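# Geometric and topological summary
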Amino acid sequence: MTEHVQDPWLLTPGPLTTSMETKQAMLHDWGSRDASFIEMNARVRDTLVKIVDGEGSHVCVPIQGSGSFAVEATLGTLIPRNGKALILINGAYGTRMAKILDYAGRAYVINETPEDTPVDLKALDASLDSDASISHVLVVHCETTSGILNPIADVAEIAARHGRSLIIDSMSAFGAVPVSAKEIVFDAILASSNKCLEGIPGMGFAIIRQAVLEGCEGNAHALTLDLYDQWKSMEANKQWRFTPPTHVIAAFDSAISQYLAAGGVAGRNKRYSNNCRILLDGMRALGFETLLPDELQAPIIVTFKMPADPAFVFEDFYDQLKDAGYVIYPGKLTVAPSFRIGCIGNLDENHMNGALKVIKETLDKMGVVNGVPVAA
Ligand SMILES: *Cc1c(COP(=O)(O)O)cnc(C)c1O
């Protein structure tokens, strides 16, 4: 074995820094029919349902691939060919759902708000009032583009009042922002192995209302993305339809058991909120400004406006931080230059303080006076 060298800490939206225990869980081979593998798979599925209080009402359907595969599979399976979606968009992941529906040939309309503004509840209510053909409402929980937290409980209340089906992309919030199926009415909530649950990349999953999924036979536009078929066959023989991502599931099983031992959603929310608070305070002390006011900020990833100081060159800043052991992330905003720093992954206050120290040193080296952005 090669000597262990510390990888850079990933202050990104994923893939993320994982624990040594999670990495070590992958040091085996499993046949897809191994009893131990089948047991792990069942445990992962059951626990994911429990994280959102979905026992008895919802089932977990996993799928090979990154998070977008789970989004595409869920939309194609749940929205019938004659259905029509209303997509609430305030960032790139909402826009991606529209693109997915273009490919799938499903009708949709959009309600769009700017990237620093939560989805518009009044517009949602009005759209559902005026268009009875809308069958599904799609919303992103934490829009990772900006880090904004959308008001999914209010969205769910409005969708339920109008009798429409709600699908939540909670990719970057699942497990860290509390959601209970007993309090929030949704037909599906989606996430992946490599975000707040701190597994490695390779599988997504949807927690779907069983009574709804039972009626979805024949909806899907692609065999590999048919979650009805994936569910049916997994229920029948406990196995995945096609080659399972065995090592991803083993790592995920370990990551989830560490998650539960660390206090589940409350524990994770607390650690990430603390990371976020340290980051916000430290960056503001250096003059940086955030895109979002604190009340809209999810404790997941923070968008900072690009500093005005001409000595600040993002590419150099990025490279120097990387060389010092911290990876940050470019911005994804369409409106203004920005960059992002994540609070998630197997990181705590020591890592956040370490990153801030390196950021300060890097600014000094670059001759940047402060992080104050161009006045709006
Ligand atoms: C990460 C993420 C996805 C999925 O992205 P992949 O790159 O396919 O894993 C979808 N929606 C949101 C909100 C995300 O943060």
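It should be noted that the structure appears before, not after, this text.
Below: a short report on this structure. (Residues numbered from 1 in each chain as written. Predicted model: local features only at pLDDT ≥ 70, side-chain atom pairs only at ≥ 80, totals over all residues. Heavy atoms only, no water.)

What the protein contains, in helices and strands, is 12 helices and 14 strands. Computed over C-alpha atoms, the radius of gyration of the protein comes to 21 Å, within 12% of the 21 Å expected from 2.2 N^0.38 for 376 residues, which places it in the range of a compact globule. If you line up the protein on its principal axes, its C-alpha atoms span 60 × 60 × 35 Å. Put simply, the protein has 376 residues, and 57% of those count as buried. Partitioning the contacts of the protein with sequence separation of at least 6, the portion at a separation of at least 24 is 73%. In the form shown here, the protein has an accessible surface area of approximately 15600 Å², with 53% of it arising from carbon and sulfur atoms. Averaged over its 31 positive side-chain charges, the protein has a centre that lies 3 Å from the centre of its 44 negative ones. (Helix = DSSP H or I, 4+ residues; strand = E, 2+ residues; numbered from the N terminus. Rg over C-alpha atoms; globule rule 2.2 N^0.38 Å. Buried < 20%, exposed > 50% of the residue type's maximum accessible area, 1.4 Å probe, protein only. Contact = heavy atoms within 4.5 Å. Areas by Shrake-Rupley, 256 points an atom, 1.4 Å probe, with all protein chains shown as cover. Lys, Arg positive; Asp, Glu negative; His and termini not counted. Charge placed at Lys NZ, Arg CZ, Asp CG, Glu CD.)

Now for the environment of Asp 131. By secondary structure assignment, the location of Asp 131 is in the loop between helix H5 (121-130) and strand S5 (136-140). Taking the C-alpha atoms as reference points, Asp 131 and Lys 84, separated by 47 residues in sequence, lie 10.0 Å from one another. With residues up to four places along the chain from it excluded, the contact list for Asp 131 reads Lys 84 and Arg 164.

The next thing to look at is the sheet that holds strand S3 (residues 84-89). Pairing in this open sheet of 7 strands is mixed, and the strands run S2-S10-S9-S8-S5-S3-S4 from one edge to the other. Strand pairing shows two members of the sheet lacking a second neighbour, strand S2 (58-64) and strand S4 (107-112), which therefore form its edges. Direction aside, neighbouring strands of the sheet carry axes that sit 20° apart on average. As defined by bridge partners, strand S8 (residues 165-169) adjoins strand S9 (residues 188-192) across 3 bridges and the pair is classed as parallel. Note that in S9 the partner of Asp 169 across the bridge is Leu 190. Contacts from H5 reach S3, S4 and S5 within the one sheet, and its direction differs from that of S3 by about 165°. Contacting S2 and strand S10 (203-209), helix H8 (residues 227-237) runs over the sheet at an angle of about 105° to S2. (Pairing = 2+ DSSP bridges. Axes fitted to C-alpha atoms, helices over the stretch in contact; angles between N-to-C directions.)

Here we come to the site of the ligand. The environment of the ligand is formed by Ser 66, Gly 67, Ser 68, Tyr 93, Arg 96, Val 140, Cys 142, Thr 144, Asp 169, Met 171, Ser 172 and Lys 195. Gly 67 is positioned such that a nitrogen or oxygen atom in its backbone is 3.1 Å from an oxygen atom of the ligand. In this structure, an oxygen atom belonging to the ligand sits 2.6 Å away from a side-chain N or O atom of Ser 68. Burial of the ligand by the surrounding chains reaches 86%, relative to a free accessible area of 380 Å². Looking at the shell around the ligand, the elements that each hand over two or more residues are helix H3 (67-78) and helix H4 (92-104). The residue inventory of the shell around the ligand, partitioned by class, reads 4 nonpolar, 5 polar and 3 charged. (Near = heavy atom within 4 Å. Polar contact = N/O pair within 3.5 Å; in protein donor to acceptor, adjacent residues only side chain to side chain. Nonpolar A, V, L, I, M, F, W, Y, C, P; charged D, E, K, R; others polar.)

What helix H11 (residues 314-323) keeps buried is the set Phe 314, Phe 317 and Leu 321. The arc that holds the buried residues of H11, viewed along the axis, is 60°, so those residues lie on one side. In H11, those exposed residues whose orientation departs by more than 90 degrees from the buried face are Glu 315 and Asp 323. Of the surrounding secondary structure, the elements contacted by the buried residues of H11 are strand S12 (326-327), strand S13 (329-330), strand S14 (338-342) and helix H12 (349-366). After H11 finishes, the residue Gly 325 shows a positive phi value of roughly 105°. (Arc of directions from axis to C-beta.)

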